Amino acid sequence: MKLLDYSNVLKFVSEAEIEALEGAVLVSKEKLLTKFGTGSEYLGWVDYPLTAEKELDRILKTAEKIQNEASVLLVIGIGGSYLGAKAGLSMLSPYLGKTGKTELVFVGNTLSSTYTQEIIDYLADKDFSINVISKSGTTTEPALAFRLFRNLLQEKYGDKAKNRIYATTTIGKGVLYQMAKENGYETFSIPEDIGGRYSVLTPVGLLPLAVAGIDIKAIIAGAQTEREKALEKVYPDNDALLYAAIRNLLYRKGKAIEIFVTYEPKLKYLGEWYKQLFGESEGKDGKGLFPASVLYTTDLHSLGQYVQDGRRILFETVINIDKPEQDILLKEDAENLDGLNYLAGKTLDTVNKQALKGTVLAHVDGSVPNLILNIPEISPYQFGRLVYFFMFACGVSGHLLGVNPFNQEGVEAYKKNMFALLGKPGFEELRERLLKNK
């Protein structure tokens, strides 16, 4: 099964236009492989799946230790430090009940006092450990959460608390590394040449997923497969390069929004990770597609009208899963008051698949191009494939757009204002100016 089906964009972008972009696409690809382009200091993720196996045994050993000591692992991080693990956990876990011995609870991704207090209350009668994830250790949301929950851990376990803290950070630098070194926390590396949103396949994502009982070796195997395809397949057959090319062509034709579409709720947080990946990578210099996400068919009853008949500034990238994990055979009802007996003998997944096909046809007829990404099933291997596919395509796409896909300077603007308004030392002049303009 071919991953990318772009037949539903050919009313909007011609094969000739796709072919004409080959030269620019290959130059963008070479910038990733030769580390020649802007942001080249953050390209460690390109080859990381080949070296990740060296760390897997230690990650698995630590995961087993955490499973034996704790019923809850607090994963403290924000943005790329939590979204990848959250996406993997959501996609690869049962809807009801936890995957393995230890429940993952994510904190440090919000400043909500209510959410934080409810987690504190939830932990009152539970054994828990902490995996704090941060390159610097000073990002406000996770740093505050770590302070709160580290104190809670110390109150509960005293001097032994340090044995329940696992720090994933940049080795040799930063506040979190210093804290880990001084207190004896076990540490895992966030490679200095990998940015947060590209770090899913490092210990950032792999340690929490291993604790949840998910097969991280299969994840890496899937990423290795997709890496080989992205690097070695020629342009007409290279899904990642074609995806990057087509989304850029659609952007040049006036499409401003790309919607990540899934018909399986388990992939909701993969959409959240996708939004950060493309939003932070391409939203610069007044450029870039705005990344959005929807869950169909649910959102067809809320946003469907706009997608069908609203402003023609969007296109969709749809995830199609060939084989569901479970299916239900629909039977006849004697009374048939709801008029659904015409579905008898079909499966619920068949209905879902026909909803997908019908929606794609309707949206394309309504001038909404659709790209389809086909995966055979939901599995750790396919998760690894999708993650690497999107990361590689994003790097190429950013260079095609003419931006640095690996920085995010715009994120700092709100932080400076927040620090000033909170009275952080060093921001007095800005605070005075903000209050004056209030």
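Residues numbered from 1 in each chain as written. Predicted model: local features only at pLDDT ≥ 70, side-chain atom pairs only at ≥ 80, totals over all residues. Heavy atoms only, no water.

S.K.: A description of the packing of helix H12 (residues 268-282) against helix H15 (residues 380-401) should follow, citing residues and the corresponding values.
M.R.: Packing of H12 against H15 brings their axes to within 9 Å, and their N-to-C directions diverge by 20 degrees. In this view, H12 runs roughly parallel relative to H15, as classed from their interaxial angle. H12 and H15 meet at a crossing whose hand is right-handed. Residue-level contacts link Leu-270, Trp-273, Tyr-274, Leu-277, Phe-278, Ser-281 and Glu-282 of H12 to Phe-383, Leu-386, Val-387, Phe-390, Met-391, Cys-394, Ser-397, Gly-398 and Leu-401 of H15. Residue composition of the contact of H12 with H15, grouped by class: 12 nonpolar, 3 polar and 1 charged. (Axes fitted to C-alpha atoms, helices over the stretch in contact; angles between N-to-C directions. Helix = DSSP H or I, 4+ residues; strand = E, 2+ residues; numbered from the N terminus. Parallel < 35°, antiparallel > 145°, perpendicular 65-115°, else oblique. Left-handed = near helix turned anticlockwise from the far one by under 90°. Contact = heavy atoms within 4.5 Å. Nonpolar A, V, L, I, M, F, W, Y, C, P; charged D, E, K, R; others polar.)

S.K.: Would you mind going over the environment of Lys-29 in detail, with residue names and values included?
M.R.: Looking at the element boundaries, Lys-29 is found in helix H2 (residues 22-34). In the structure, Lys-29 is positioned 368 residues away from Ser-397 in sequence and 9.1 Å away in space, judged by C-alpha atoms. Setting aside residues up to four positions removed in sequence, Lys-29 forms contacts with Ala-230, Leu-231, Glu-232, Lys-233, Leu-241, Phe-392 and Val-396. A polar side-chain atom of Lys-29 sits 2.7 Å from the main-chain carbonyl oxygen of Leu-231. (Polar contact = N/O pair within 3.5 Å; in protein donor to acceptor, adjacent residues only side chain to side chain.)

S.K.: Can you lay out the layout of surface pockets for me, pointing to particular residues and giving the numbers?
M.R.: Empty space within the second largest pocket amounts to approximately 530 Å³. Together, 19 residues line the second largest pocket, and Glu-264, Pro-324, Glu-325, Gln-326 and Asp-349 are the ones closest to its centre. The element best represented in the lining of the second largest pocket is helix H14 (residues 348-365), accounting for 5 residues. (1 Å grid on protein atoms, 1.4 Å probe; cavity = no way out; pocket = protein on both sides within 12 Å on 5 of 7 lines; lining within 4 Å. Points joined across faces, edges and corners; volume = space filled by probe spheres on them.)

S.K.: I'd love a proper account of H14, names of residues and values included.
M.R.: Look at H14: 26 Å from first C-alpha to last across 18 residues, which is about the 26 Å you get at 1.5 Å a residue. Three or more residues of H14 are buried, namely Asp-349, Lys-353, Leu-356, Thr-359, Val-360, His-363 and Val-364. Down the axis of H14, the smallest arc covering the buried residues is 125 degrees, so these residues share one side. Opposite the buried face of H14, by more than 90 degrees, sit the exposed residues Leu-361 and Asp-365. Where H14 terminates, the next one or two residues include Ser-367, which has phi positive at roughly 70 degrees. (Expected span 1.5 Å × (residues − 1). Buried < 20%, exposed > 50% of the residue type's maximum accessible area, 1.4 Å probe, protein only. Arc of directions from axis to C-beta.)

S.K.: Which residues make up the packing of aromatic side chains, and what are the values?
M.R.: Counted according to the given criterion, the structure contains 20 aromatic pairs. Measuring from centroid to centroid gives 6.0 Å for Trp-45 and Tyr-388, while their planes differ by 55 degrees, and the two rings are tilted. Here Trp-45 is found in the loop between H2 and helix H3 (48-51), whereas its partner Tyr-388 is found in helix H15, with 343 residues between them in sequence. Assigned by exposure class, Trp-45 and Tyr-388 land together as buried. Three or more aromatic residues link up through ring pairs in this structure, and these residues are Tyr-243, Phe-260, Trp-273, Tyr-274, Phe-278, Phe-389 and Phe-390. In this structure, Arg-58 packs its charged tip against the face of Phe-188, placed 4.0 Å from the ring centre. The lysine or arginine in question, Arg-164, covers the ring of Tyr-157, its NZ or CZ lying 4.0 Å from the ring centre. (Phe/Tyr/Trp six-rings, centres within 6.5 Å; stacked < 30°, edge-to-face > 60°. Lys NZ or Arg CZ within 6 Å of the ring centre and 35° of its normal.)

S.K.: If you had to explain the environment of Thr-34 to someone new, which residues and values would you point to?
M.R.: Along the chain, Thr-34 falls in helix H2. In the structure, Thr-34 is positioned 278 residues away from Arg-312 in sequence and 38 Å away in space, judged by C-alpha atoms. At 2.6 Å, the side chain of Thr-34 and the backbone oxygen of Glu-30 are in polar contact.

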